[in-house]
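This is what each chain is made of:
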Amino acid sequence: MDNISGKRIILGVSGGIAVYKAVELLRLLTKSGADVHVVMTGAAQEFVTPLTFQTLSSNPVHLDLFNLIAEREISHISLADRADLFIVAPATANVIGKIACGIADDMLTTTIMATKAPVLIAPAMNVNMYTNPIYRENEQKLIRNGYLFVDPVSGSLACGWEGQGKLAAPEAIFEAAVAALSIKDLADHTIMVTAGPTREEIDPVRYISNHSSGKMGYALARAAVRRGARVILVSGPTCLTVPDGVELVAVESACEMRAAVMSRVGLCDVVIKAAAVADYRPLERKTAKIKKKSEHMSIELQKNPDILAELGAMQKRPFLVGFAAETCDLSEYALKKLKAKNLDMIVANDVSQVDAGFNVETNRALLLFRNGRSEECSLMTKDGLAVIILDSIAAELACRTPAD
Ligand code: PMT
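Residues numbered from 1 in each chain as written. Predicted model: local features only at pLDDT ≥ 70, side-chain atom pairs only at ≥ 80, totals over all residues. Heavy atoms only, no water.

## With respect to the site of the ligand
Then step 1. Neighbouring the ligand are 28 residues, the closest being Ser212, Ser213, Lys337, Asn349 and Asn359.
Then step 2. Between leucine 308 and the ligand, the recorded distance is 2.9 Å, taken from a backbone N or O atom to an oxygen atom.
Then step 3. Here an oxygen atom of the ligand and a backbone polar atom of phenylalanine 323 are 3.0 Å apart.
Then step 4. Alone, the ligand offers 770 Å² of accessible surface; in the complex the protein occludes 96% of this.
Then step 5. Looking at the shell around the ligand, the elements with two or more residues in it are α10 (215-226), α12 (307-312) and β16 (319-326).
Then step 6. Sorting elements by how many residues they give to the shell around the ligand places β16 first, with four residues.
Then step 7. Among the residues making up the shell around the ligand, the classes are represented as 13 nonpolar, eight polar and seven charged. (Near = heavy atom within 4 Å. Polar contact = N/O pair within 3.5 Å; in protein donor to acceptor, adjacent residues only side chain to side chain. Areas by Shrake-Rupley, 256 points an atom, 1.4 Å probe, with all protein chains shown as cover. Helix = DSSP H or I, 4+ residues; strand = E, 2+ residues; numbered from the N terminus. Nonpolar A, V, L, I, M, F, W, Y, C, P; charged D, E, K, R; others polar.)

Given below as structure tokens:
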């Protein structure tokens, strides 16, 4: 779940080889329910025709400041006024230079000058243009004035040079757009999220683990960073991409996770423990691969530290959110954990369901709070559940006095 649905977004496209990526960005925005209006410069039309943008946006494309039909209602002003967000992708050095200098000589630059909506700029250009001190000054001036940027990435550029200048991936620009549209109600908070499984090594080739994919924890980290929080993600091994803006601390075992959490908890005012920490580890880790011999074998296990319980026992502890992975009697077991581990809130999920819990895109949960309040969350995406969990956390934090 994101906050793009129903938003009016102006997508400004200026001329460069990366214009084709703006088509993909447009697809991502419209698929999420945005009402996208495209403004193209003359140079952009040399790379991709307006018809492509018009067909995919289902809206007329704005090209000309002096179009007699569109300008009957002064379209650059009405577009600017009605925008929730303005994205320029790709943004050339020329367009960025014009915006920085207050030059408004075409439909794109005039509309940007007239808008009060946040403007998100995704530059794309040759590496030498990108590092040119005049360009850098222009970018800094715009940042100082509140314009948002999605930095270009490094790679081989269409002009033959290697270096930074490639337009950021459409997914990264989309993510920055979601963040730009989010209320920054967690801006003053540092939130630690734990995610994924832990691996407890038996020997150099084998380990004990579980089915956690990390999706729930990563969804929480992504949602928190969008709302302006500083996010520290302590993650066991996963195949997931770390959300932009999140500080990753990669760990393997429960003991490593404990060390990572305990050494950083002092920085945090909220800890959300979505990780599926292995309760036991082998008493001894063999240094050489165990050879296959007898028909049966047993491995002696030792209890792992309960990280959440240790956090709950701290004298001055952060706002603590635990998860409970249960297969029956959800609320009873979750409530016991909430009390035993001294939590502020627990998210109970029934992991026996095929569409919830481990390694699926969706989840359903029962939220239980320290003050006895509870909230049922029906089946939804993990991104959606993350938003609801953070809404609850933000509301609880807002009620706290500084002494709490
Ligand atoms: O990663 P996904 O595939 O998206 O799956 C999500 C999830 C099912 C893993 C997630 O929603 C979830 O339920 N995480 C908690 C899993 C778990 O370990 O639950 P538990 O009931 O065993 O533990 C209770 C709480 O104590 C958890 O917050 C856990 O992080 C914490 N704990 C547990 C054991 C331990 N040694 N240290 C801990 O801190």
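Following the structure, the description resumes.
## Points about the sheet that holds strand β5 (residues 148-149)
Then step 1. In space, the five strands of this open sheet follow the order β2-β1-β3-β4-β5, with parallel pairing throughout. Looking at strand neighbours, the two that pair on one side only are β2 (35-40) and β5, the edges of this open sheet.
Then step 2. Bridge count between strand β4 (residues 119-123) and β5: two bridges; the pairing is parallel. Within the sheet, the bridge partner assigned to leucine 120 lies in β5 and is leucine 148.
Then step 3. Most of the contacts of helix α3 (residues 50-57) go to β2, to which it runs at about 170 degrees, and overall it touches β1 (8-13) and β2. (Pairing = 2+ DSSP bridges. Contact = heavy atoms within 4.5 Å. Axes fitted to C-alpha atoms, helices over the stretch in contact; angles between N-to-C directions.)

## With respect to the side chain of aspartate 203
Then step 1. Examined against the element boundaries, aspartate 203 turns out to sit in strand β9 (residues 200-203).
Then step 2. In terms of polar contacts, aspartate 203 uses its side chain to reach the backbone amide nitrogen of isoleucine 290, at 2.9 Å.
Then step 3. Beyond its immediate sequence surroundings of up to four residues, aspartate 203 is in contact with Arg285, Lys286, Ala288, Lys289 and Ile290.

## A word on the environment of proline 282
Then step 1. Its place among the elements puts proline 282 in strand β14 (residues 280-282).
Then step 2. Here the alpha-carbon distance between proline 282 and lysine 303, two residues 21 residues apart in the chain, equals 8.8 Å.
Then step 3. Discounting residues that sit within four places of it in the chain, proline 282 has contacts with Glu200, Glu201, Ile202, Ile208, Ile299, Glu300 and Leu301.

## Observations concerning the packing of aromatic side chains
Then step 1. Evaluated as defined, the whole model comprises one aromatic pair.
Then step 2. Aromatic side chains tyrosine 130 and tyrosine 135 sit 5.4 Å apart centroid to centroid with 40 degrees between the ring planes, which places their arrangement in the tilted category. Summarising the burial analysis for this pair, tyrosine 130 and tyrosine 135 share the class buried.
Then step 3. Lying over the aromatic face of tyrosine 130, arginine 136 brings its terminal NZ or CZ to 4.6 Å of the ring centre.
Then step 4. One cation-aromatic arrangement involves arginine 373 over phenylalanine 369; the distance from NZ or CZ to the ring centre is 4.0 Å. (Phe/Tyr/Trp six-rings, centres within 6.5 Å; stacked < 30°, edge-to-face > 60°. Buried < 20%, exposed > 50% of the residue type's maximum accessible area, 1.4 Å probe, protein only. Lys NZ or Arg CZ within 6 Å of the ring centre and 35° of its normal.)

## Remarks on the domain arrangement of the protein
By a widespread convention, an interface's size corresponds to the accessible area lost as its parts come together.
Then step 1. With domains assigned, the protein is organised as domain 1 (8-181) and domain 2 (190-399).
Then step 2. A straight line from the C-alpha centre of domain 1 to that of domain 2 covers 39 Å. (Domains from an automatic or database assignment.)

## Overview of the sheet that holds strand β12 (residues 246-250)
Then step 1. Taken together, eight strands build an open sheet; the order of strands is β12-β11-β8-β13-β16-β17-β18-β19 and the sheet is mixed. The two strands at the open ends of the sheet, each matched to only one other strand, are β12 and β19 (374-381). The average undirected angle you get between the axes of adjacent strands in this sheet is 20 degrees.
Then step 2. Strand direction decides the pairing type here: strand β8 (residues 190-195) and strand β13 (residues 270-273), joined by four bridges, are parallel. Paired with methionine 192 across the strands is valine 271, a residue of β13.
Then step 3. Running over the sheet, helix α11 (residues 254-264) touches β8, β11 (230-235), β12 and β13 and is turned about 175 degrees from β8.

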